[in-house]
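# Secondary and tertiary structure notes
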Amino acid sequence: MSRIVFLNGSFLPVEEARVPFMDRGFLFGDGVYEGIGVLGGRLIENEAHLERLERSLREVRIPNPYTRAEWTAFEEEIVRRNGMAEGFVYFQVTRGVAERDFFFPENTRPTVAMFTQAKAIVHAPAAQTGIAVVTVPDQRWARRDIKSISLLAQVLAKQAAKEAGAQEAWMVEDGFVTEGGSSSAFIVTRQNRIIVRPLSQAILPGITRQSLFRLAAETGIVLEERLFTVEEAYEAAEAFLTSASNFVLPVVSIDGRPVADGRPGQLTKRLRELYLAMATAPALAAE
Ligand code: PLP
């Protein structure tokens with residue numbers, strides 16, 4: 001079966017999908033995106049992702065071409081057409097096609113491109129073994145709260161991680177961990193306190209991160225929002241990351257040093273179970 005993608009209102013085989021050469025996404029990285037996890041063919045926390053999309057679009061002043069109901073219908077349809085049970089839906093909205101000029105073009109329609117990517121989330125081997133991360137300088141722009149398609153700094157960060165034998169980069173600014181190249185970063189201290197950086201323009205407001213606060217609170221687990229240093233991460237009892245396409249993933253080594261005994265921690269496992277339970281519960285997952 002050929003992969004079916006969505007482009008500006010149409011579903012078509014990927015081989016037939018063409019974005020014009022002068023699209024500002026291509027020329028300037030002028031656009032924003034979203035990535036939504038899919039489990040059992042259902043979108044996980046889609047409303048929250050669409051809310052973040054609306055915010056990203058507002059911040060960069062690209063008009064939102066669709067209502068939430070339309071976005072949801074397109075997302076559900078692309079999952080159905082690709083027969084995808086588990087993985088994620090990716091879509092981006094660019095400022096559209098225009099003569100190359102920095103100023104916003106007038107009367108230009110945003111370009112919308114959407115695709116699915118199948119991926120094992122629940123039984124991902126990394127969920128059992130944990131992953132290695134390495135720290136790299138955070139070289140991104142000053143509005144990391146906007147989910148911009150300009151991801152060059154993350155491409156470089158994650159490639160550096162790969163070349164160092166790791167699966168994710170934890171980016172560091174002024175000695176403090178900001179977040180992962182494509183995930184939110186957490187540590188658990190030896191006093192069993194779960195630490196995550198507070199929201200600001202320095203990090204993306206992760207949807208999975210946000211849910212973890214709610215899920216943890218419901219079971220009496222407290223998450224503490226504060227900055228943490230690389231040294232604190234080295235000394236942590238546990239470490240983990242969250243993202244829409246990984247849920248909760250244990251981090252077992254940082255810069256080549258094992259986190260505690262180098263095995264996924266108990267609190268991390270508990271939080272992963274809580275998230276999985278939410279994502280597989282029909283009523284909540286539809287949110
Ligand atoms: N931080 C960054 C830089 C990301 O790119 C992502 C996801 O792509 C996240 C955090 C995690 O966000 P979410 O949980 O919404 O997937």
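This text goes with the structure placed above it.
For the structure given in this document, a descriptive report is provided here. A quick note: this is a predicted structure, and the numbers were derived from the prediction, not measured.

Summing up its helical and strand segments, the protein chain has nine helices and 15 strands in all. For the protein chain, the C-alpha radius of gyration of 19 Å lies close to 19 Å, the compact-globule estimate for 287 residues. The C-alpha extent of the protein chain, read off along each of the three principal axes, is 55 × 40 × 30 Å. When each of the 287 residues of the protein chain is scored for burial, the buried share is 53%. In the protein chain, the share of contacts with a sequence separation of at least 24, taken over all contacts with a separation of at least 6, comes to 71%. When the accessible surface of the protein chain is totalled, it reaches about 13,600 Å², and 55% of it is carbon and sulfur.

Our next topic: the site of the ligand. Taken together, 19 residues are adjacent to the ligand, and Arg52, Glu179, Ile207, Thr208 and Ala244 come closest. Contacts to the ligand include isoleucine 207, whose backbone N or O atom sits 2.8 Å from an oxygen atom. Within the backbone of alanine 244, an N or O atom sits 2.8 Å from an oxygen atom of the ligand. When the free accessible area of the ligand is taken as 390 Å², the share hidden by the protein chains comes to 94%. Of all the elements in the fold, those that place two or more residues in the shell around the ligand are helix 2 (46–60), strand 9 (176–180), helix 6 (207–218) and strand 13 (238–243). When the residues that make up the shell around the ligand are grouped by side-chain class, the tally is four nonpolar, 11 polar and four charged.

With a phi close to 55 degrees, aspartate 174 is a non-glycine residue in the positive phi region. Within the secondary structure, aspartate 174 sits in the loop between strand 8 (168–173) and strand 9.

Let's shift gears to the packing of helix 2 against helix 3 (residues 68–81). For any two helices packed against each other, the geometry comes down to the angle between their axes and how far apart the axes lie. The interhelical angle for the contact between helix 2 and helix 3, taken along N-to-C directions, is 120 degrees, at an axis separation of 11 Å. Here helix 3 runs oblique to helix 2, going by the angle between their axes. Seen from above, helix 2 lies across helix 3 with right-handed handedness. Listed contacts from helix 3 to Asn46, Glu47, Leu50, Glu51, Leu53 and Glu54 of helix 2 are Arg68, Trp71, Thr72 and Glu75. Here the contact of helix 2 with helix 3 is built from residues that sort into three nonpolar, two polar and five charged.

Here the focus is the pairing of strand 7 (residues 131–137). Every regular strand shows the same layout, with side chains that alternate between the two sheet faces. Burial analysis of strand 7 places five of its seven residues in the buried class, which makes it a mostly covered element. In this structure, strand 7 lies alongside strand 14 (residues 247–254), joined through three bridges in parallel fashion. Looking at the pairing, isoleucine 131 lines up with valine 251 of strand 14. As judged from the five bridges shared by strand 7 and strand 8, these two strands associate in the parallel manner. Note on strand 8: the bridge partner recorded for valine 133 is glutamate 168. Viewed along the sheet, the connection from strand 7 through helix 5 (residues 152–163) into strand 8 turns out right-handed.

Another aspect to go through is the sheet that holds strand 3 (residues 31–39). With antiparallel pairing, six strands are arranged side by side in an open sheet as 2-1-6-5-3-4. The open sheet is flanked by strand 2 (10–13) and strand 4 (42–43), the only strands paired with a single partner.

Next up on the list: the layout of surface pockets. Of the volumes computed, that of the second largest pocket is approximately 160 Å³. Together, Val122, His123, Ala127, Gln128, Pro250, Pro264, Thr268, Lys269, Arg272, Glu273 and Leu276 line the second largest pocket. Taken together, the elements giving at least two residues each to the lining of the second largest pocket come down to helix 4 (125–129) and helix 8 (266–280). By residue number, the principal contributor to the lining of the second largest pocket is helix 8, which donates five residues. Split by residue class, the lining of the second largest pocket holds five nonpolar, three polar and three charged.

The subject of this paragraph is a nonpolar patch on the surface. On the surface, Leu152, Val155 and Leu156 cluster together to form a nonpolar patch covering roughly 310 Å² of accessible area. Looking at where leucine 156 falls in the secondary structure, it is placed in helix 5.

A few words on the environment of isoleucine 203. Locating isoleucine 203 in the fold gives a position in the loop between strand 11 (194–196) and helix 6. A sequence separation of 25 residues divides isoleucine 203 from threonine 178, and the C-alpha atoms of the two residues are 6.3 Å apart. When residues no more than four places from it in sequence are discounted, the contact partners of isoleucine 203 are Arg144, Asp145, Thr178, Glu179, Arg197, Pro198 and Arg209.

At a closest axis distance of 10 Å, the pairing of helix 6 and helix 8 adopts a crossing angle of 100 degrees. In terms of their interaxial angle, helix 6 and helix 8 are classed as roughly perpendicular. Taking contact as the criterion, the partners of Thr208, Ser211, Leu212, Arg214, Leu215 and Ala216 in helix 6 are, on helix 8, Leu271, Leu274, Tyr275 and Met278.

How each quantity is defined
Residues numbered from 1 in each chain as written. Predicted model: local features only at pLDDT ≥ 70, side-chain atom pairs only at ≥ 80, totals over all residues. Heavy atoms only, no water. Helix = DSSP H or I, 4+ residues; strand = E, 2+ residues; numbered from the N terminus. Rg over C-alpha atoms; globule rule 2.2 N^0.38 Å. Buried < 20%, exposed > 50% of the residue type's maximum accessible area, 1.4 Å probe, protein only. Contact = heavy atoms within 4.5 Å. Areas by Shrake-Rupley, 256 points an atom, 1.4 Å probe, with all protein chains shown as cover. Near = heavy atom within 4 Å. Polar contact = N/O pair within 3.5 Å; in protein donor to acceptor, adjacent residues only side chain to side chain. Nonpolar A, V, L, I, M, F, W, Y, C, P; charged D, E, K, R; others polar. Axes fitted to C-alpha atoms, helices over the stretch in contact; angles between N-to-C directions. Parallel < 35°, antiparallel > 145°, perpendicular 65-115°, else oblique. Left-handed = near helix turned anticlockwise from the far one by under 90°. Pairing = 2+ DSSP bridges. Right-handed = clockwise from strand over helix to strand, strands pointing away. 1 Å grid on protein atoms, 1.4 Å probe; cavity = no way out; pocket = protein on both sides within 12 Å on 5 of 7 lines; lining within 4 Å. Points joined across faces, edges and corners; volume = space filled by probe spheres on them. Patch = residues over 30% accessible without salt bridge, like charges linked within 9 Å, V, L, I, M, F, W, Y side chains within 5 Å. Salt bridge = Lys/Arg side-chain N within 4 Å of Asp/Glu carboxyl O.

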